[in-house]
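Residues per chain are reported as follows:
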Amino acid sequence: MKVTWKLPDGGEISADVANGTNMMEAAVANNVPNVIGECGGSLACATCHVYVDADWAEKTGEVDDFEDAMLDATEAEREASSRLSCQIVAADEFDGLVLIVPQA
């Protein structure tokens, strides 16, 4: 599936991501700035915070209680479309997904 990260400077990074890969791992593998994933995707750091493009917000699912608590600790301001990218896992139905990287 294809994913595009929109960067704070107006640039974009697009990549093909294998099903089953979380978006934090995909961002790190594709050198997306400001997506760090210090905890390795264990839902303990909030350094993989992204905003989900409005066209994709409902499709990526609901935030669970653990993710909700971690989103309160993000460096960039939390918005309604905020997600931890480690909690979004590539699947065919997400082909074309657009994620917006917050300013660090």
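As shown above, the structure is provided for reference.
Residues numbered from 1 in each chain as written. Predicted model: local features only at pLDDT ≥ 70, side-chain atom pairs only at ≥ 80, totals over all residues. Heavy atoms only, no water.

Just checking my understanding: could you explain the state of the cysteines for this structure?
Cysteine pairs can be covalently joined through their sulfur atoms, and such a bond is termed a disulfide. Taken as a whole and assessed by the stated rule, the structure comprises 0 disulfides. Sulfur of C39: no disulfide; nearest cysteine sulfur belongs to C45 and is 3.6 Å away. Overall, the relative accessible area of 24% leaves C39 in the partly exposed class. Just so you know, C86 is unpaired, no disulfide at all, and the nearest cysteine sulfur is the one on C48, 3.8 Å from it. (Disulfide = S-S within 2.5 Å. Buried < 20%, exposed > 50% of the residue type's maximum accessible area, 1.4 Å probe, protein only.)

Could you clarify how one ought to interpret unusual backbone geometry in this entry?
A negative phi angle is the norm for most residues apart from glycine, just as the trans form is the norm for most peptide bonds. The phi torsion at N31 lies on the positive side, around 55°, for a residue other than glycine. By the secondary structure assignment, N31 is in the loop between α1 (23-29) and β3 (49-52). (Helix = DSSP H or I, 4+ residues; strand = E, 2+ residues; numbered from the N terminus.)

Looking at this structure, how should I read the pattern of salt bridges?
Note on pairing: side chains with opposite charge can pair once their charged atoms come close. Within this structure, the stated rule accounts for 3 salt bridges. Where D68 meets R78, a salt bridge forms, and the shortest distance between an N and an O atom there is 2.4 Å. Here D68, found in helix α2 (residues 65-71), pairs with R78, found in the loop between α2 and β4 (82-84); they are 10 residues apart in sequence, far enough to count as distant. With relative accessibility at 32%, the residue D68 sits in the partly exposed group. D72 is paired through a salt bridge with R78; the nearest N and O atoms lie 2.7 Å apart. Here D72 falls in the exposed class, since its relative accessible area comes to 59%. In this structure R78 comes out as partly exposed when scored by relative accessible area, which is 32%. (Salt bridge = Lys/Arg side-chain N within 4 Å of Asp/Glu carboxyl O.)

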